[in-house]
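As a plain string of letters, each chain reads:
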Amino acid sequence: MYQHLLAPIDGSATSGRGLREAIGLAKALGARITLLHVLDVYPFFGHSGWSGQLEMELQPRRAVAQDLLASAAAQVQEAGVPVSNVLKECLEPHAGAEIVRQVKELKADVIVMGTHGRRGISRMLLGGDAMIVLRDSSVPVLLIGPSEAPGSD
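Residues numbered from 1 in each chain as written. Predicted model: local features only at pLDDT ≥ 70, side-chain atom pairs only at ≥ 80, totals over all residues. Heavy atoms only, no water.

## Some thoughts on the overall build of the protein
Test applied: What counts as a helix is a DSSP run of H or I of at least four residues, what counts as a strand is a run of E of at least two, and both are numbered from the N terminus. For every residue, the accessible area (1.4 Å probe, protein chains only) is compared with the maximum for its type, and the residue is labelled buried under 20%, exposed over 50%, or partly exposed between those bounds. Contacts are assigned to residue pairs that have any heavy atoms within 4.5 Å of one another. Exposure was quantified through the Shrake-Rupley algorithm and a 1.4 Å probe, taking into account, for residues, occlusion by the shown protein chains and nothing else.
Looking only at helices and strands, the protein features six helices and five strands. In sequence order, the protein lays out its α and β elements as β-α-β-α-α-β-α-β-α-α-β. Out of the 153 residues in the protein, the part that is buried amounts to 37%. Restricting the contact set of the protein to residue pairs at least 6 apart, pairs at least 24 apart contribute 76%. Accessible surface, the protein as shown: approximately 8,400 Å² in total, 56% of it carbon and sulfur.

What follows is the structure, encoded as structure tokens:
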């Protein structure tokens, strides 16, 4: 069935829930996981891009992203699932488009990701990556919503 899962991660609790689901699914199917972190360059590109400070401002964020990927990869490896990491930088305000690009480039056959489950104005202001992925993905998407327990995500 599915042999290559793409698991976008961002360090949030819902992202962690998505990763745990991806690990369980990969174990059951004998599949591998590619972890994807999309580093949002968009807020830094404006003045920094023109002033030459972009690299200095992004370097610490890249290090944090690499640490996040390494920690998640260790969790996947501990479960005995083959894993690889991808870090992509994105100039778009939403990571969803990059997730869709990467599923094609990496030839993954399913996306497993956590979603914050925002509604209304907060979704418009804070995100909508899951909606972009659902709308534009050419492969099935498994969305893992926030926990039912208040304050846990």
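## Here's the deal with the sheet that holds strand β5 (residues 141-144)
Inclusion rule: At least two bridges found by DSSP between two strands is the condition for calling them paired. Helix axes are fitted only over the stretch in contact, all axes being lines through C-alpha atoms; the angle between N-to-C directions runs from 0 to 180 degrees.
Taken in spatial order, the five strands line up as β3-β2-β1-β4-β5 in an open sheet, and their pairing is parallel. Either end of the sheet is taken by a strand with one partner, and the two such strands are β3 (83-90) and β5. The mean angle between the axes of side-by-side strands here comes to 20°, regardless of whether they run parallel or antiparallel. Contacts from helix α1 (residues 13-29) reach β1 (4-8), β2 (32-40), β4 (110-114) and β5 within the one sheet, and its direction differs from that of β4 by about 145°.

## Some points on the environment of R32
Among the secondary structure elements, R32 is positioned in strand β2. You can call R32 partly exposed: its relative accessible area is 41%. It is 9.4 Å that separates the C-alpha atoms of R32 and A22, two residues lying ten residues apart in sequence. Dropping the residues within four chain positions of it, R32 is found in contact with Q3, H4, L5, V81 and P82.

Note that every value here comes from positions in space, so none of it alone points to a role or purpose.
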